[in-house]
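# A look at the structure
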Amino acid sequence: VQLQASGGGLVQAGGSLRLSCEASGRTFSSYYMGWFRQAPGKEREFVARITRSGGSTYYADSVKGRFTIGRDNGKNTVYLQMNSLKPEDTDVYYCAARHTLYGEYDYWGQGTQVTVSS
């Protein structure tokens, strides 16, 4: 599967952005999806994940209550709604897909830059 992330940009602290990640192919609903972020020189950090049906989600403590992950299997797309953004949310955000509920992600998108100004 190929993943194309979009929706990043520059926003002031306290603002909102919605990231999208569109997948190619006809088997999107068979993948568990996740969002990660990474700053230059730092390790990639988990942000959120969602099950194949969208019925279960899980978040990093740093974004819990501010970010919401969702998916539309009919549109082959996973979303990340980001509210109450903080300067420390500035990163490149990546979407990823895997075949299993746990373990390594098999496919990665190209990343979209999110910059939050103070």
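An account of the accompanying structure is given in this report.

Rules used in this analysis
- Residues numbered from 1 in each chain as written.
- Predicted model: local features only at pLDDT ≥ 70, side-chain atom pairs only at ≥ 80, totals over all residues.
- Heavy atoms only, no water.
- Pairing = 2+ DSSP bridges.
- Helix = DSSP H or I, 4+ residues; strand = E, 2+ residues; numbered from the N terminus.
- Axes fitted to C-alpha atoms, helices over the stretch in contact; angles between N-to-C directions.
- Core = buried A, V, L, I, M, F, W, Y, C linked by side-chain atoms within 4.5 Å.
- Buried < 20%, exposed > 50% of the residue type's maximum accessible area, 1.4 Å probe, protein only.
- Disulfide = S-S within 2.5 Å.

### Focus: the sheet that holds strand 1 (residues 3–6)
Pairing between the strands of a sheet comes from backbone hydrogen bonds, and it takes one of two forms, parallel or antiparallel. Strands sit in the order 1-3-8-7 across an open sheet of four strands; the sheet is antiparallel. One side of each edge strand has no neighbouring strand; the edge strands of this open sheet are strand 1 and strand 7 (67–72). Across the sheet, the mean angle separating the axes of adjacent strands is 15° when strand polarity is ignored. Across six bridges, the pairing between strand 7 and strand 8 (residues 77–82) is antiparallel. Following the sheet pairing, Gly 70 is matched in strand 8 by Tyr 79.

### Quick notes on the nonpolar core
Trp 35, Leu 80, Met 82 and Tyr 93 are the most contacted members of the largest nonpolar core, which has 28 residues in total. Going through the elements one at a time, strand 1, strand 3 (17–23), strand 4 (32–38), strand 5 (45–50), strand 7, strand 8, strand 9 (91–98) and strand 11 (112–117) are the ones with two or more residues in this core.

### Some points on unusual backbone geometry
Glycine aside, a negative phi is what most residues show, and trans is what most peptide bonds show. The phi angle at Asn 76 is positive, at roughly 55°, despite the residue not being glycine. Structurally, Asn 76 can be placed in the loop between strand 7 and strand 8. Phi angles above zero are rare outside glycine, and Ser 84 is one such case at about 50°. Looking at the element boundaries, Ser 84 is found in the loop between strand 8 and strand 9. For Ser 84, a relative accessible area of 42% corresponds to the partly exposed category.

### As for the pairing of strand 5
When strand 4 meets strand 5, the two strands line up antiparallel, connected through five bridges. Among the inter-strand pairings, Trp 35 is bridged to a residue of strand 5, identified as Ala 48. Here strand 4 folds back onto strand 5 in antiparallel fashion, the turn holding six residues, of which Gly 41 has a positive phi close to 80°. Examined bridge by bridge, strand 5 and strand 6 (residues 57–59) share three bridges and lie antiparallel to one another. Among the inter-strand pairings, Ile 50 is bridged to a residue of strand 6, identified as Thr 57. The antiparallel pairing of strand 5 with strand 6 creates a hairpin that spans six residues between the two strands, and Gly 54 there sits at a positive phi of about 85°.

### With respect to the state of the cysteines
One covalent bond between the sulfur atoms of two cysteine residues makes up a disulfide. Evaluated as defined, the whole model comprises one disulfide. The disulfide partner of Cys 21 is Cys 95, and the S-S distance across this bridge is 2.0 Å. In this structure, the disulfide formed by Cys 21 and Cys 95 twists by about 60° around the S-S bond and is classed as right-handed. Placement of Cys 21 in strand 3 and of Cys 95 in strand 9 is noted, with a sequence separation of 74 residues between them. Assigned by exposure class, Cys 21 and Cys 95 land together as buried.

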